[in-house]
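# Geometric and topological summary
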Amino acid sequence: MKINQTPKELGFHFPAEFEKQDAMWLSWPHKEASWPGKLHLIYDSYSEFILQVAAHQKVNINVADESMKQFAVSAIRNSIFGQKSNLDLLFKNINFYFHPTNDAWCRDHGPAFLVNRQTNKKAIVDWGYNAWGDKYPPYDLDDNIPTLIGEKRNLPVFYPEIVMEGGSVEFNGKGTILTTTACLLNKNRNPHLSQKEIEKYLCDYYGAKHILWLGDGIVGDDTDGHIDDITRFVNEDTVVTVVEENKSDDNYGLLQENLHALKNMRLQDGKQLNIIELPMPNAVIYEDQRLPASYANFYMSNESVIVPTFRDDKNDAKALDILQSTFKSRKVIGIDSVDLIWGLGSFHCLSQQEPS
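Structure report, in brief.

About the criteria used
Residues numbered from 1 in each chain as written. Predicted model: local features only at pLDDT ≥ 70, side-chain atom pairs only at ≥ 80, totals over all residues. Heavy atoms only, no water. Salt bridge = Lys/Arg side-chain N within 4 Å of Asp/Glu carboxyl O. Helix = DSSP H or I, 4+ residues; strand = E, 2+ residues; numbered from the N terminus. Buried < 20%, exposed > 50% of the residue type's maximum accessible area, 1.4 Å probe, protein only. Pairing = 2+ DSSP bridges. Axes fitted to C-alpha atoms, helices over the stretch in contact; angles between N-to-C directions. Contact = heavy atoms within 4.5 Å. Core = buried A, V, L, I, M, F, W, Y, C linked by side-chain atoms within 4.5 Å. 1 Å grid on protein atoms, 1.4 Å probe; cavity = no way out; pocket = protein on both sides within 12 Å on 5 of 7 lines; lining within 4 Å. Points joined across faces, edges and corners; volume = space filled by probe spheres on them. Nonpolar A, V, L, I, M, F, W, Y, C, P; charged D, E, K, R; others polar.

### Re the pattern of salt bridges
Counting across every chain of the model gives 17 salt bridges. A salt bridge links arginine 189 to glutamate 165, with the shortest nitrogen-to-oxygen separation between them at 2.7 Å. With a gap of 24 residues between them, arginine 189 in the loop between helix H9 (181-184) and helix H10 (195-206) and glutamate 165 in the loop between strand S7 (157-158) and strand S8 (170-171) connect regions that are remote in the sequence. Summarising the burial analysis for this pair, arginine 189 and glutamate 165 share the class buried. Connected through salt bridges with shared partners, the residues Glu17, Arg107, Glu170 and Arg232 form a single ionic network.

Put into structure tokens, the structure is as follows:
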């Protein structure tokens, strides 16, 4: 059924990730081409991610069929962290949905859950998805995931009919969205739309009123500059943003430009941002390719913050310390992401929150 009003007109908005959640959504990784030669190595870290979150909230996982479900259950049970956990208890919080996918990046192809400010009822936005500018076809199964979840949960689904990815937008929960020109204005997404027109879609379908734009993303990011690798809202007026200390590193200049831009920005209420600087890890290179390793690609659950680490003792420890002092009511947990990042994304890219 086509809905003739926008979510904003009907009172819906997209809550911030740091607000209370009912669940985390994932799509089980199965595409060898996303982790060539390493797919079998990612399941330990991925399983720990699932179990750390399942310790206190639901984790919903899209799988193709019963065979993939059994493989997933086995991988979780046999993981290093799984063998040390009370799995029977944790599996009560893990649910599988038979929704086949092309790939694992649920942040970008998963449902954008909205909540109505008056009724507290939920809805879903099913943005168009084209695998970051048609880079990795086929993606038809991924593009259908929000609608399948909407049907399963009997929720209204909105169809803006433009391309948008969850990793390209950050929310403070009070009306401000932070994004990048490198991604949203890229001609491989919505070449027919101007910046002003894209802003209107963001406001209408996420229930926002104020858009802030940064420039470029980090080196090695195949999404054309997703915000979730560089700057994240941790509360309504505070961001953490990555900076590179090594002036000869390719990320140094562009991250300084972003930091300068953040200092000049104002929120929806006119306030300046509180800015917390987060280090970058030493360059992670595999098969002569610079990978988009960033501590900003963390996932905020109800009780924890799951942070990718990169076997860089000094910077890993520094980043975790900064984040733990930022998230005083959550436990900050570092999980090794050296194999995961070969897929060009980490825990935030792999997940999508469902708000309460």
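From this point on, the discussion continues.
### A few points about the sheet that holds strand S4 (residues 94-98)
Strand order in the open sheet made by the four strands is S4-S3-S2-S19, with mixed pairing throughout. With one partner strand each, in any of the chains shown, S4 and strand S19 (351-355) form the two edges of the open sheet. Mean inter-strand twist for the sheet, computed between neighbouring axes without regard to direction, equals 25°. Where strand S2 (residues 21-27) lies against S19, five bridges are found, and the strand directions are antiparallel.

### Considering the sheet that holds strand S18 (residues 331-336)
Read from one edge to the other, the open sheet built from three strands follows the order S16-S17-S18, with strand pairing classed as mixed. The open sheet terminates on both sides in strands that have one partner only, identified here as strand S16 (299-300) and S18. Note: strand S17 (residues 304-309) against S18, six bridges, orientation parallel. Paired with isoleucine 306 across the bridge in S18 is isoleucine 333. Along the sheet face, helix H1 (residues 43-54) touches S16, S17 and S18 and points at about 165° away from the line of S18. On the sheet, helix H12 (residues 313-326) packs against S17 and S18 and is oriented at approximately 155° with respect to S18.

### Here's the deal with unusual backbone geometry
In this structure, the amide linkage connecting proline 137 to the following residue, proline 138, adopts the cis form with an omega of -5°. Here the phi dihedral of aspartate 134 falls at roughly 65°; this positive angle occurs in a residue that is not glycine. Relative to the helices and strands, aspartate 134 is located in helix H6 (residues 131-134). Classification of aspartate 134 as partly exposed rests on a relative accessible area of 44%.

### As for the nonpolar core
Counting 79 residues, the largest nonpolar core has Trp28, Trp35, Phe49, Ile50, Ile61, Leu178 and Phe298 as the members making the most contacts within it. Setting aside residues no more than four positions away along its own chain, isoleucine 50 makes contact with Leu26, Trp28, Val59, Ile61, Ile76 and Ile94. Ranked by size, the runner-up nonpolar core spans 24 residues in total, among them Phe12, Val125, Met164 and Tyr205.

### Structural notes on empty space enclosed by the protein
Enumeration according to the criterion identifies six cavities of 30 Å³ or more in this entry. The space that makes up the largest cavity amounts to roughly 210 Å³. Forming the walls of the largest cavity are 30 residues, and the residues nearest its centre are Phe14, Arg107, Gly166, Tyr206 and Gln352. Taken together, the elements giving at least two residues each to the lining of the largest cavity come down to helix H5 (106-109), S8, strand S11 (231-235) and S19. It is H5 that provides the largest number of residues to the lining of the largest cavity, a total of three residues. When grouped by side-chain class, the residues that make up the lining of the largest cavity number 15 nonpolar, seven polar and eight charged.

### As for the side chain of histidine 13
Mapped onto the elements of the fold, histidine 13 is located in strand S1 (residues 12-13). In contact with histidine 13, not counting residues within four places along its chain, are Leu114, Val115, Arg117, Tyr206 and Gly207.

### Some points on helix H8 (residues 145-153)
Buried within H8 we find Ile145, Pro146, Thr147, Ile149 and Gly150. Once H8 finishes, asparagine 154 follows within two positions and takes phi at roughly 55°, a positive value.

### Observations regarding the environment of asparagine 186
Tracing the backbone through its elements, the reader meets asparagine 186 in the loop between H9 and H10. Taking the relative accessible area as the measure of exposure, asparagine 186 reaches 21% and is therefore partly exposed. Between the alpha carbons of asparagine 186 and tryptophan 132 there is a distance of 9.8 Å; along the sequence they are 54 residues apart. Non-local contacts of asparagine 186, meaning those with residues more than four positions away in its chain, are made with Thr181 and Asp224.

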